[in-house]
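The chain contents come next:
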Amino acid sequence: MYRTHHCGELRASHINKKVTLSGWVQKSRDKGFVAWVDLRDRYGITQLVFDADRTDEKLMEVARNLGREYVIQVTGTVIERASKNPNIETGDIEILVESLEILNQANVPPFTIEDQTDGGEELRMKYRYLDIRRNPVKNNLIFRHKVTQEVRNYLSSIDFIEIETPYLIKSTPEGARDFVVPSRMNEGQFYALPQSPQTFKQLLMVGGMDKYFQIVKCFRDEDLRADRQPEFTQIDCEMAFVQQEDVLQSFEGLTRHLLKTINGVEVDAFPRMSYDEAMKTYGNDKPDIRFGMKFGELNTMAQHKDFNVFNSAELVVGIAVPGGNSYSRKEIDKLIDWVKRPQIGALGMVYVRCNDDGTYKSSVDKFYDQTDLSQWAKATNAKAGDLICVLSGKTSAVRAQLSALRMELAERLNLRNPKEFAPLWITDFPLLEWDEDTQRYHAMHHPFTAPKPEDIKLLDTDPGAVKANAYDLVLNGNEIGGGSIRIHDKETQSLMFDHLGFTKEQAKAQFGFLMNAFEYGAPPHGGIAFGLDRLVAILGGAETIRDFIAFPKNNSGRDVMIDAPAPIDQHQLDELGLKIK
């Protein structure tokens, strides 16, 4: 037996008990006549004591020469600690060691295994197995486990069945780029790793499974951003015989359950907002509604003077920054420089100070009088002491720019409290979006999303106006889930493929199996998929998903620990019938 107890278990009630512990040496202190060693495992730290009066001389020598992260086993007696440590749960006791065995020696770690470490992110990712020993990473992984267990328990309690779907599937042209896997037994042919189990979960509904879920790995060979992984985990769900309201109620319930059990937060019914309203009011389809700064459109009150910057713009829009009138001119100039950065792309920014005496002072006083500026204040809901920031330009671009500024200001003003949770449903998305590069429509969600029944007639005459029977769940400015009611009849699905530019032959080759299934009695169905990595991070009060993934990739999509991706040898290439340029 390597241990009778773990290193976070022993208390004053165990005094005089003989115990065996195993773990890693956190640190040691040698005072000559007495030595202390902190022994650590996943559960906590227990102090070991060796002293000249009670410890064998050889054992004292071994204790003095223990290195950090040595793996050891000790047996001894629990005694009361003379100098108690209230910062750890075992701080009332220590172990008077009677025997010690070194189970494995260890090199000096490349960074300190402490909560506050001296290791940079890339170094810690290279030695991730050491980083996991640190409390912040260990606790995040335990937290993730707790969330997934609650998901499974809740969905199982409302009759969902967890079913695994294949990882080696067929590549499809829609959506993001696939990771492909060559087949040795079928030379020249390839599997793809799933971007989602979409078609399989729909087939499960045809199979009568009624309520399905799966916590599943998905893969997308996309250009990477700072907080995006090439492999990620979804809570994937589907339900038969449902309408949109049934899905929203079910997964509102799951989210409310997680917030209560994981965070101790009670949330009332989730507000709902259409896609069009979200874009007009916040400039994006995943708004953070924990704070205000709603957009105020100013075209009608700003385009009647001689200020050509506004007169030539499709949209003039502003936000009121609470307390922003206290900003110095230098601070406002820095804000202007911030929105002019290439990442944001604005050409400039007009501002209006809302003075305490009810007057206004703007950067365009030459063109606008106090009456004009008071109208701007009313449109943006600005109060005395606020600062109105105004951008203009093409509608889609300026909304995105002002949205980015709104979020940046919220960060600076500490308005994004990670312990406050504001969920929101976004509904009525466009079914299709126009792609300038390919000069054709693409599905905004995926090709299996059902259009709103009342809009189907518009597919031939005005496809861009068709609304989807789709919905996203947003939490604190992050999309944590998205789904839709699916097309469940062959005729509508065929019509959808037509509008996405598929020929009949292409549609049959890619999705013939699904179309055939629809001919055997497909029920109405719909579902949703949550991004587990993002959800866990938000519930954990963090922004970075990598902190909650055991072995994440870096910003270049590389696993620096195992050095992947990597070349394969010529023999493997020959077996697969592949040639590398």
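## Concerning the nonpolar core
In terms of nonpolar packing, the biggest core is built from 69 residues, with V147, L155, F251 and F530 touching the most fellow members. Element by element, the count of residues in this core is highest for helix 6 (residues 244-263), at seven residues. The residues contacting F530, other than those within four sequence positions of it, are T233, Q234, I235, F251, L254, T255, L473, I480, G481 and L535.

## Things to note about the sheet that holds strand 12 (residues 296-297)
Spatially, five strands are ordered 12-13-16-14-15 in an open sheet, and the strand pairing comes out antiparallel. Where the open sheet ends on each side, the last strands, each with one partner, are strand 12 and strand 15 (360-362). When strand 12 meets strand 13 (residues 315-321), the two strands line up antiparallel, connected through two bridges. Along strand 13, the bridge assignment pairs G296 with G318.

## Some remarks on the state of the cysteines
Counted under the stated rule, the structure contains zero disulfides. Cysteine C218 remains unbridged, with the sulfur of C237 as its closest cysteine sulfur at 12 Å.

## Some thoughts on helix 10 (residues 329-339)
Turning to helix 10, its buried residues number three or more, namely I332, L335, I336, W338 and V339. Burial along helix 10 is one-sided: seen end-on, the buried residues are contained in an arc of 160 degrees. For helix 10, exposure combined with an orientation more than 90 degrees from the buried face picks out K330 and K334. As for helix 10, its buried residues are in contact with strand 14 (350-354), strand 16 (387-393) and helix 12 (395-412).

## Observations concerning the pattern of salt bridges
Following the criterion strictly, the structure yields 39 salt bridges and no others. When the shortest N-O distance is used, the salt bridge between R68 and E114 registers 3.9 Å. Separated by 46 residues along the polypeptide, R68 in the loop between helix 1 (57-64) and strand 4 (71-80) and E114 in the loop between strand 5 (93-104) and helix 2 (121-126) bring together distant segments of the chain.

## Things to note about the packing of helix 5 (residues 198-206) against helix 14 (residues 504-518)
Angle between the axes and distance between the axes: these two values describe a pair of packed helices. Following both chains from N to C, one finds helix 5 and helix 14 inclined at 20 degrees, their axes separated by 10 Å at the closest point. With respect to their mutual orientation, helix 5 and helix 14 come out roughly parallel. For the crossing formed where helix 5 meets helix 14, the hand is left-handed. Here helix 5 contributes T199, Q202, L203 and V206 to the contact with helix 14, which in turn contributes F513, L514, A517 and F518. Across the contact of helix 5 with helix 14, the residue classes break down as six nonpolar, two polar and no charged.

## Describing unusual backbone geometry
In the segment running from A564 into P565, the intervening peptide bond is cis, with an omega of 5 degrees. The backbone phi angle of D428 is positive, close to 60 degrees, even though this residue is not glycine. On the basis of relative accessible area, D428 is assigned to the partly exposed category, the value being 25%. Even without being glycine, N476 reaches a positive phi, approximately 55 degrees. You can see N476 is positioned in the loop between strand 20 (470-475) and strand 21 (478-485).

## A few points about the environment of D462
Structurally, the position occupied by D462 is in the loop between strand 19 (440-443) and strand 20. Overall, the relative accessible area of 39% leaves D462 in the partly exposed class. Along the chain, D462 and E519 lie 57 residues apart, while their C-alpha atoms are 29 Å from each other.

## Quick look at the environment of H525
As for its position among the elements, H525 is in strand 22 (residues 525-531). The residues contacting H525, other than those within four sequence positions of it, are Q202, M205, E238, M239, A240, F241, V242, I485, R486, I487 and H488. A distance of 3.0 Å separates the side chain of H525 from the side chain of Q202, its partner in a polar contact.

## Some points on the pairing of strand 17 (residues 423-427)
Burial of strand 17 is extensive: five of the five residues sit out of reach of the surface. Residues P423, W425 and T427 of strand 17 are buried on one face, and the alternating residues L424 and I426, pointing to the opposite face, are buried as well. Looking at chain direction, strand 11 (residues 272-274) and strand 17 are connected through three bridges and run parallel. Counted as the bridge partner of R272 is W425 from strand 17.

Parameters at a glance
- Residues numbered from 1 in each chain as written.
- Predicted model: local features only at pLDDT ≥ 70, side-chain atom pairs only at ≥ 80, totals over all residues.
- Heavy atoms only, no water.
- Core = buried A, V, L, I, M, F, W, Y, C linked by side-chain atoms within 4.5 Å.
- Buried < 20%, exposed > 50% of the residue type's maximum accessible area, 1.4 Å probe, protein only.
- Helix = DSSP H or I, 4+ residues; strand = E, 2+ residues; numbered from the N terminus.
- Contact = heavy atoms within 4.5 Å.
- Pairing = 2+ DSSP bridges.
- Disulfide = S-S within 2.5 Å.
- Arc of directions from axis to C-beta.
- Salt bridge = Lys/Arg side-chain N within 4 Å of Asp/Glu carboxyl O.
- Axes fitted to C-alpha atoms, helices over the stretch in contact; angles between N-to-C directions.
- Parallel < 35°, antiparallel > 145°, perpendicular 65-115°, else oblique.
- Left-handed = near helix turned anticlockwise from the far one by under 90°.
- Nonpolar A, V, L, I, M, F, W, Y, C, P; charged D, E, K, R; others polar.
- Polar contact = N/O pair within 3.5 Å; in protein donor to acceptor, adjacent residues only side chain to side chain.

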